[in-house]
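Geometric and topological summary
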Amino acid sequence: MITPDQTIAYAKATNDPIPEHLSGELAPPVFAIVPVWEVVVEAVMGAAPIEALALILHGEQDIRIHRPITPGMDLRSSAAVVGVLPKASGTSVVVRTATQAGDDLVNEQVITAFIRGWTGVASGDPAPAHDFDEALRGRPATTVTARIDPDQTYRYAEAAGDPMPIHLDDGIARRAGLPGIIAHGLCTMAFTSWAAITAVGGGDPRTLRRLAVRFSRPVLPGQEITHSFWPVAPGVVQFETVSDSGAVVIRNGLAEFGEPIS
């Protein structure tokens, strides 16, 4: 059961400026991960050994929205592994989820987890492609800049129910080979969602139909990030997000818009 307090907390934890999200009228788009988190972990651990949990990186996220999540919805979510794709450096595990309110499909997600150093048995299919068209770089882009707050990871962890230590404990993050605490990839994705809605979606969160990203580099608390959006077709934009260090932190971004969903 989704409550207004949950969705408002998520909006505030991702610096979302959209009135419908801050009022609790609608949940932010990337809030869709919250109801499926437990079943996604169960699905991945059904395909990989338990010791692989500490080696997982979030590779890609693709959300298809059939209707926005609204407080008061009683949601039922399911998840299943649809692809195991070994590579030289590890294995990608592709999970597909579905979230329903009664008989109505609310959203579908495809989540790619990359498990470093583990070789699985190949099966199934890769996630749907949303590759960036390099020819777009010569065209004008709409940009939105925002800052990841120093306390962003703590706020996001509480609102999203995602207490992974690399986002909260500097020592653990450094022992994992990171420069320190890093922002949750899904928090950065949530920033892209409200940036896309405000910059190219007419400000109406009911128009967003799909949001897909590849997480390519970590974002550090306190960094400034800039989203660049290129139109490719009516209602369709591709985008990238770059940090103030010059690192591309989100690649292969895709946002699709349609008529507002009531």
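This text follows the structure it describes.
Computed from a prediction, not measured in an experiment: that's the story for all the values here.

1. Regarding the overall build of the chain
Helix and strand counts for the chain stand at 6 helices and 10 strands. Compactness check: the chain gives a C-alpha radius of gyration of 17 Å against a globular reference of 18 Å for 262 residues, within 12% of the reference. With respect to the principal axes defined by its C-alpha atoms, the chain has extents near 45 × 45 × 35 Å. Looking at the 262 residues of the chain, the share that counts as buried comes to 48%. When the accessible surface of the chain is totalled, it reaches about 11500 Å², and 54% of it is carbon and sulfur. For the chain, the distance from the average site of its 19 positive side-chain charges to the average site of its 29 negative ones is 5 Å.

2. Some thoughts on the pairing of strand β8 (residues 224–233)
Two strands pair when backbone bridges link them, and strand β6 (residues 142–147) and β8 are joined in this way by 6 bridges, in the antiparallel orientation. Of the residues in β8, the one forming a bridge with Thr145 is Thr226. Connecting β8 to the next strand, strand β9 (residues 236–243), in antiparallel fashion are 2 residues, including Gly235 with a positive phi near 80 degrees.

3. A word on the sheet that holds strand β1 (residues 56–65)
Here we have 10 strands laid out as an open sheet, ordered β5-β2-β3-β4-β1-β7-β10-β9-β8-β6, and antiparallel in their pairing. Strand pairing shows two members of the sheet lacking a second neighbour, β5 (123–124) and β6, which therefore form its edges. In this sheet, strand β3 (residues 90–101) lies alongside strand β2 (residues 75–87) in antiparallel orientation, the contact comprising 12 bridges. Paired with Ala80 across the two strands is Arg96, which belongs to β3. Across the sheet, helix α3 (residues 33–47) is in contact with β1, β2, β3 and β4 (104–116); its angle to β2 comes to roughly 40 degrees.

4. Details of the nonpolar core
Core analysis: the biggest nonpolar cluster contains 56 residues, and Tyr10, Val30, Ile69, Met189 and Ala255 have the highest contact counts within it. Looking at this core, the element that brings in the most residues is helix α6 (residues 185–200), giving 9 residues. If we ignore the near neighbours within four places in the chain, the residues touching Met189 are Val30, Gln61, Ile63, Leu211, Val213, Phe215 and Ile250.

5. Let's talk about the packing of aromatic side chains
Throughout the structure, instances matching the rule amount to 5 aromatic pairs. Seen in terms of ring centroids, Tyr10 and Phe31 are 5.6 Å apart; in terms of plane orientation they differ by 85 degrees. Their pairing is edge-to-face. On the criterion of sequence distance, the pair formed by Tyr10 in helix α1 (residues 4–13) and Phe31 in the loop between α2 (19–22) and α3 is long-range, its members being 21 residues apart. We classify Phe31 as buried; its relative accessible area is 0%. A centroid spacing of 5.4 Å and a plane angle of 65 degrees characterise the contact between Tyr10 and Tyr156, whose relative ring orientation is edge-to-face. Linking Tyr10 in helix α1 with Tyr156 in helix α4 (residues 152–160), this pair joins segments that are 146 residues apart in sequence. Of the two residues, Tyr10 and Tyr156, both sit in the buried class. Taken together, Tyr10, Phe31 and Tyr156 form an aromatic cluster joined through their ring pairs.

6. Looking at α1
Along α1, the residues classified as buried are Thr7, Ile8, Tyr10, Ala11 and Ala13. Looking at the buried residues of α1, the elements they touch are α2, α3, α4 and α6.

7. Concerning a positive patch on the surface
Judged by side-chain charge, Lys87, Arg214, Arg217 and Arg251 come together as a positively charged surface patch. Here Arg217 shows up in the loop between β7 (208–215) and β8.

8. What about α4?
Of the positions making up α4, those classed as buried are Gln152, Thr153, Tyr156, Ala157, Ala159 and Ala160. Of the surrounding elements, those touching the buried residues of α4 are α1, α3, β6 and α6. Positive backbone phi, approximately 70 degrees, marks Gly161, located one or two places after α4.

How each quantity is defined
Residues numbered from 1 in each chain as written. Predicted model: local features only at pLDDT ≥ 70, side-chain atom pairs only at ≥ 80, totals over all residues. Heavy atoms only, no water. Helix = DSSP H or I, 4+ residues; strand = E, 2+ residues; numbered from the N terminus. Rg over C-alpha atoms; globule rule 2.2 N^0.38 Å. Buried < 20%, exposed > 50% of the residue type's maximum accessible area, 1.4 Å probe, protein only. Areas by Shrake-Rupley, 256 points an atom, 1.4 Å probe, with all protein chains shown as cover. Lys, Arg positive; Asp, Glu negative; His and termini not counted. Charge placed at Lys NZ, Arg CZ, Asp CG, Glu CD. Pairing = 2+ DSSP bridges. Contact = heavy atoms within 4.5 Å. Axes fitted to C-alpha atoms, helices over the stretch in contact; angles between N-to-C directions. Core = buried A, V, L, I, M, F, W, Y, C linked by side-chain atoms within 4.5 Å. Phe/Tyr/Trp six-rings, centres within 6.5 Å; stacked < 30°, edge-to-face > 60°. Patch = residues over 30% accessible without salt bridge, like charges linked within 9 Å, V, L, I, M, F, W, Y side chains within 5 Å. Salt bridge = Lys/Arg side-chain N within 4 Å of Asp/Glu carboxyl O.

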